[in-house]
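# Remarks on the overall topology
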Amino acid sequence: MAAVAKREVKDVKLYNFAWTGKDKAGKVVRGELRAGGESLVAANLRRQGIQVTSVKKVSQRGGKKITDKDITIFTRQLAVMMKAGVPLLQAFDIVGRGHANPSVGKLLLDIKTDVETGSSLSQAFRKHPAYFDGLFCNLVGAGEQAGILDSLLERLASYKEKILAIKGKIKSALFYPIAVIVVAIVVTAVIMIFVIPVFKDLFKSFGADLPGPTLVVMAVSDFFVAHWFLIFGTMIGGFLGFMQAWKRSALVQRFMDRLFLRLPIFGDVIRKAAIARWCRTLSTMFAAGVPLVESLDSVSGAAGNYVYYEATRRVQAEVSTGTALTAAMTNSGVFPSMVLQMCAIGEESGSLDAMLGKVADFFEQEVDEAVESLSSLMEPMIMVVLGGLIGTIVVAMYLPIFKMGQAI
């Protein structure tokens, strides 16, 4: 019977209600609450000593997708309010109502409702794994148990800001070459489909043999004109299919992550970023008092690379059987000697979290410098490739005109 009743309560549809009332001091207060009906809202507020004057159902507004940046900003806001002594429920109400994205407001209202009904904050976060991972929930749970939730929220906000900054640098390094490649494909397609046929009609009136490069370019143009829908359909379909396979297949993820680490230019940047995230995550977890084996469980997915995920799982298995962390990391074969030496010093001195933090700082600085170098290096290389491609096509189409001028 208890299970049935629990399932019925879980299946009740909840709505957002905006309410107005007066507190015990007679001051007018307002807010939003998520509940199954107006009577439940009024009963909940009466238990809090609020005399309700109006309750109005709020229509569900559309909202954008909740991003990592939204969660990072929310974590920082919550940490600041907790440090300032703002009560937890009031902090959720302030952040939720003041957020520009309605989806975030709804998420925070759901979490606030769970906390009001008796759940701990970490339990409320665990109900939304798409936005709050194991590391986030574990740190919040550790802060609640130790009574230092405000300090751990501040540490968690700093961690998420640093991780978000690393992701942003990697994306900025990859965005420019990808954008130029896409523009080059579009420009080449426009030339092949619309420009080359005009030259082809012009060359028919010459009545002379055309140079080899011109014939090759015209043959490619004829293929584009005849099968452009098939070419673009295959490219777009293949790209979308590959992205879905990459997202859903562990085999494809493993292959692509290994391939990224072996790239001649970008591989080193991706490796340094993965190590920085790995060390930053373990440092944050260990400093919060989370046991090492449990910390490694959250760290395994934080590096953002399947190679380091598998290596962390092997490290975790060895550490759980009594092996020292540095020895287990050495056996994995994916960490550079500098990281191993710093971890060994941290283990011997009892300051592993501080040493891991210094390693993370070092590699984050390395990523910054590498991204700046890549940006300055990639621009001339891409311009040479793009100019060579377009220049070859232009020269091939003007060769007949040059030959005709020489004949005259």
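This text goes with the structure placed above it.
In every chain, residue numbers begin from 1 and rise along the written sequence. Residues qualify for local features only when their pLDDT is at least 70, as the model is predicted, and side-chain atom pairs are given and counted only at 80 or more; totals for whole chains, interfaces and linings, by contrast, use all residues. Derived side-chain values reflect all non-hydrogen atoms in the structure, with water molecules and hydrogen atoms excluded from consideration.

### A word on the overall build of the chain
We count a stretch as a helix when DSSP gives it H or I for four or more residues in a row; a strand needs E for two or more, and each element gets its number in order from the N terminus. Along the backbone of the chain there are 16 helices and three strands. Restricting the calculation to C-alpha atoms gives the radius of gyration, and the globule rule supplies 2.2 Å times the number of residues raised to the power 0.38. What you see for the chain is a C-alpha radius of gyration of 30 Å, clearly larger than the 22 Å of a compact globule of 408 residues, by over 25%. Projected onto its principal axes, the C-alpha coordinates of the chain cover approximately 100 × 60 × 45 Å. Looking at the chain residue by residue over its 408 residues, the buried ones come to 40%. The contact criterion used throughout is that any non-hydrogen atoms of two residues lie within 4.5 Å. Partitioning the contacts of the chain with sequence separation of at least 6, the portion at a separation of at least 24 is 61%. Working note: accessible area of the chain is about 22500 Å², and carbon and sulfur atoms make up 62% of it. In the chain, 45 side chains carry a positive charge and 35 a negative one; their mean positions are 7 Å apart. Burial classes follow relative accessibility: with a 1.4 Å probe on protein chains only, a residue under 20% of its type's maximum area counts as buried, one over 50% as exposed, and anything between as partly exposed. A 1.4 Å probe and the Shrake-Rupley method give the accessible areas. Residues count as covered only by the protein chains that appear here. In this tally Asp and Glu are treated as negative and Lys and Arg as positive; neither His nor the chain ends contributes. For charged residues, the charge sits on one atom: NZ in Lys, CZ in Arg, CG in Asp, CD in Glu.

### Some points on the packing of helix H7 (residues 134-146) against helix H11 (residues 266-287)
Where H7 contacts H11, the axes come no closer than 10 Å and their chain directions differ by 20 degrees. Classified by the interaxial angle, the pair formed by H7 and H11 is roughly parallel. Here H7 runs over H11; the crossing is left-handed. Between H7 and H11, the residues in contact are Leu135, Asn138 and Leu139 and Thr281, Thr284 and Met285, respectively. Here the residues of the contact of H7 with H11 are counted per class, giving three nonpolar, three polar and no charged. Note on definitions: angles span 0 to 180 degrees between N-to-C directions of axes, and those axes are lines fitted to C-alpha atoms, for helices only across the stretch in contact. In this scheme, roughly parallel covers angles under 35 degrees and roughly antiparallel covers those over 145, while 65 to 115 is roughly perpendicular and the rest are oblique. Crossings are assigned a handedness: left-handed for a near helix turned anticlockwise from the far helix by less than a right angle, right-handed for a clockwise turn. Throughout, the ten residues Ala, Val, Leu, Ile, Met, Phe, Trp, Tyr, Cys and Pro are labelled nonpolar, Asp, Glu, Lys and Arg are labelled charged, and all others, Gly among them, are labelled polar.

### A closer look at the packing of H11 against helix H12 (residues 292-299)
When two helices pack together, their arrangement is given by the angle between the helix axes and the distance between those axes. Closest axis-to-axis distance for the H11/H12 pair is 9 Å, and the angle between their directions is 140 degrees. The two elements H11 and H12 meet at a crossing, and its hand is right-handed. Across from Trp278, Thr281, Leu282, Met285 and Phe286 in H11, the residues of H12 making contact are Leu292, Ser295, Leu296, Ser298 and Val299.

### Details of helix H10 (residues 250-261)
Between its first and last C-alpha, H10 extends 17 Å over twelve residues, near the 16 Å set by a 1.5 Å rise per residue. Looking only at H10, the buried set comprises Met256, Asp257 and Leu261. Summarising the axial view, the buried residues of H10 lie within an arc of 135 degrees, below the 170-degree limit, and thus occupy one face. Opposite the buried face of H10, by more than 90 degrees, sit the exposed residues Leu251 and Phe255. On its buried face, H10 is in contact with helix H9 (212-248), H11 and helix H13 (306-320). Throughout this description, a polar contact denotes any pair of N or O atoms lying within 3.5 Å of each other; where both atoms belong to protein, one of them has to be capable of donating a hydrogen while the other can accept it, and for residues adjacent in sequence the pair is counted only when both atoms sit in side chains. For H10, the N-terminal capping position is held by serine 249, with its side-chain oxygen 3.4 Å away from the main-chain nitrogen of leucine 251. Expected span of a helix, by definition, is 1.5 Å for each gap between consecutive residues, and there is one gap fewer than residues. It is the directions from the helix axis to the C-beta atoms whose arc is reported.

### Structural notes on the side chain of serine 119
In this fold, serine 119 is placed in the loop between helix H5 (102-116) and helix H6 (121-126). Of the residues examined, serine 119 reaches a relative accessible area of 19% and is grouped as buried. Those residues in contact with serine 119, other than ones at most four positions away along the chain, are Asp114 and Lys127.

### Notes on a nonpolar patch on the surface
A cluster of nonpolar side chains, namely Ile181, Ile185, Met235, Ile236, Phe239, Leu240, Phe242 and Met243, defines an oily patch on the protein surface of about 740 Å² accessible area. Counting only elements with at least two residues in the nonpolar patch, the list comes to helix H8 (149-204) and H9. A total of six residues in the nonpolar patch trace back to one element, the largest contributor, which is H9. Following the sequence through the fold, leucine 240 ends up in helix H9. Each patch is built from salt-bridge-free residues with over 30% relative accessible area, joining like charges within 9 Å and nonpolar side chains (Val, Leu, Ile, Met, Phe, Trp, Tyr) within 5 Å. We define a salt bridge as a contact between a side-chain nitrogen of Lys or Arg and a carboxyl oxygen of Asp or Glu at a distance within 4 Å.

### What about the packing of aromatic side chains?
Centres within 6.5 Å make a pair out of two Phe, Tyr or Trp rings, where for Trp the six-membered ring is used; the pair is then stacked when the planes are under 30 degrees apart, edge-to-face when over 60, and tilted otherwise. Tallied over the full model, the rule gives 15 aromatic pairs. Plain terms: the ring middles of tryptophan 228 and phenylalanine 229 are 6.1 Å apart, the flat faces sit at 85 degrees to each other, and that makes the pair edge-to-face. Owing to a relative accessible area of 44%, tryptophan 228 belongs among the partly exposed residues under this scheme. Pairing phenylalanine 242 with tryptophan 246 gives two aromatic rings, centres 5.6 Å apart and planes at 45 degrees, and the pair type is tilted. Linking phenylalanine 242 with tryptophan 246, this pair stays in helix H9, spanning four residues, or about one helical turn.

### Side note on the state of the cysteines
Counting rule for disulfides: a pair of cysteine sulfur atoms within 2.5 Å. One pass over the full model with this rule turns up zero disulfides. Cysteine cysteine 343 remains unbridged, with the sulfur of cysteine 279 as its closest cysteine sulfur at 5.9 Å. With a relative accessible area of 1%, cysteine 343 lands in the buried category.

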